[in-house]
Amino acid sequence: MGARDLIREAAEVLASRKNAVALTGAGISVESGIPAFRGAQGLWERYDPMEYATIAAFLRDPGKVWIMLSEMIDILARAVPNAAHRGLAELERMGILRSVITQNVDGLHQAAGSRKVIEFHGNAEALVCIACWKRYVSREKIRDGIPPRCECGEILKPDLVLFGEPIPWVAQGDAETEAEGCSVLLVAGTSAEVSPACEIPRLSKKRGAFVIEINPEETQLTRAVADLHIPATAGEALSSLVAAIRGN
Ligand code: NAD
Ligand code: ZN
């Protein structure tokens, strides 16, 4: 199938079934200038996520991990939503998309106007004390130097899920409810390598949902789970999808 046929078929499925949910990963924010882990450039060439983004590494040497975190928080603070985030917000306004489950910690779905966003891996905006749970605003707190400390003297950690940490139970439950209740799952910009988020497409599929994957590369979902794979960037694919549905 040519690119235009793929977009047309995806648009028809979305417009006729409605009741869609999106699952997004780092790839959807690449066009906003935030590097993803896989196919990585920039930040992750200097900091191997498997070495830096684990809770064990953080607790062993918070000062070292905070060098990477403060750089990441700076990149996130400068980023703005791209056509993919805007496209998903538009699909929600059109009554086609009911929620977004995101693995991202950048807040760009909300910035683009999506109202129902489940943050599976938390958010980098807030810091939380590892001893007393007091919360702070990331940008303000790291201006005083790193690693940032709580007024109780303990180290602060961004309120996001590092490798080795559990998924916040409310997000886990909400994501499962959405994944099992949708009739179309739109998976965009995820390598589907990070567990347990990578289980979500199978939950939807088991309940009979049509799975559309948007990713320039093939992933482990492409042949095993996806009903339709659109090999394009998230920005291109989602803006074309919105245009095609409007034209329907
Ligand atoms: P990943 O880094 O494992 O995979 C990214 C995927 O996006 C790849 O399959 C790649 O082919 C695809 N991709 C690259 N450019 C794309 C584009 N323009 N459009 C569509 N797809 C594109 O990402 P993951 O599966 O989300 O897992 C990594 C973990 O790290 C997640 O928890 C993720 O959210 C987190 N992380 C978050 C951010 C962020 O908040 N923006 C950035 C890096 C990593
Ligand atoms: Zn504290």
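Above this text is the structure in question.
Residues numbered from 1 in each chain as written. Chains lettered and ligands numbered in written order. Predicted model: local features only at pLDDT ≥ 70, side-chain atom pairs only at ≥ 80, totals over all residues. Heavy atoms only, no water.

### Some details on the site of ligand 1
Phase 1: Around ligand 1, the structure places 26 residues, and the nearest of them are F37, Q103, H121, T190 and S191.
Phase 2: Between ligand 1 and the protein, one listed contact pairs a nitrogen atom with a backbone N or O atom of G27 at 3.5 Å.
Phase 3: Take F37: an N or O atom from its main chain is 2.7 Å from an oxygen atom of ligand 1.
Phase 4: A total of 840 Å² of accessible area belongs to ligand 1 in isolation, and the protein chains cover 92% of it.
Phase 5: Residue composition of the shell around ligand 1, grouped by class: 11 nonpolar, 11 polar and four charged. (Near = heavy atom within 4 Å. Polar contact = N/O pair within 3.5 Å; in protein donor to acceptor, adjacent residues only side chain to side chain. Areas by Shrake-Rupley, 256 points an atom, 1.4 Å probe, with all protein chains shown as cover. Nonpolar A, V, L, I, M, F, W, Y, C, P; charged D, E, K, R; others polar.)

### Focus: the coordination of the zinc ion (ligand 2)
Phase 1: Only C129 (SG), C132 (SG), C150 (SG) and C152 (SG) from the protein reach the zinc ion (ligand 2) as donors, at distances of 2.3 to 2.4 Å.
Phase 2: Given four donor atoms and angles of 105 to 122° at the metal, the environment of the zinc ion (ligand 2) is assigned as tetrahedral.
Phase 3: In terms of primary sequence, the donors binding the zinc ion (ligand 2) are separated according to C-x2-C-x17-C-x1-C. Here C132, found in the loop between β4 (122-129) and β5 (135-137), pairs with C150, found in the loop between α8 (138-142) and β6 (156-160); they are 18 residues apart in sequence, far enough to count as distant.
Phase 4: What makes C132 partly exposed here is its relative accessible area of 40%.
Phase 5: A residue is classified by how much of its surface remains accessible, and C150, at 5% relative accessible area, is buried. (Donors = N, O, S within 2.8 Å, 3.2 Å for Na, K, Ca; no water. Tetrahedral: all angles 85-135°; square planar, octahedral: opposite > 155°, others 65-115°. Helix = DSSP H or I, 4+ residues; strand = E, 2+ residues; numbered from the N terminus. Buried < 20%, exposed > 50% of the residue type's maximum accessible area, 1.4 Å probe, protein only.)

### Remarks on the side chain of S204
Phase 1: Among the secondary structure elements, S204 is positioned in helix α10 (residues 200-206).
Phase 2: The class for S204 is buried, based on a relative accessible area of 0%.
Phase 3: Once residues lying within four places of it in the same chain are set aside, the contact partners of S204 are A179, C182, L185 and A209. (Contact = heavy atoms within 4.5 Å.)

### Section: the sheet that holds β4
Phase 1: Read from one edge to the other, the open sheet built from three strands follows the order β5-β4-β6, with strand pairing classed as antiparallel. Strands at the two margins of the open sheet, each flanked by one partner only, are β5 and β6. For this sheet, the mean inter-axis angle between neighbouring strands, taken without regard to orientation, is 45°.
Phase 2: Note: β4 against β6, four bridges, orientation antiparallel. Residue C129 lies in a different strand from β6, and its bridge partner there is L156. (Pairing = 2+ DSSP bridges. Axes fitted to C-alpha atoms, helices over the stretch in contact; angles between N-to-C directions.)

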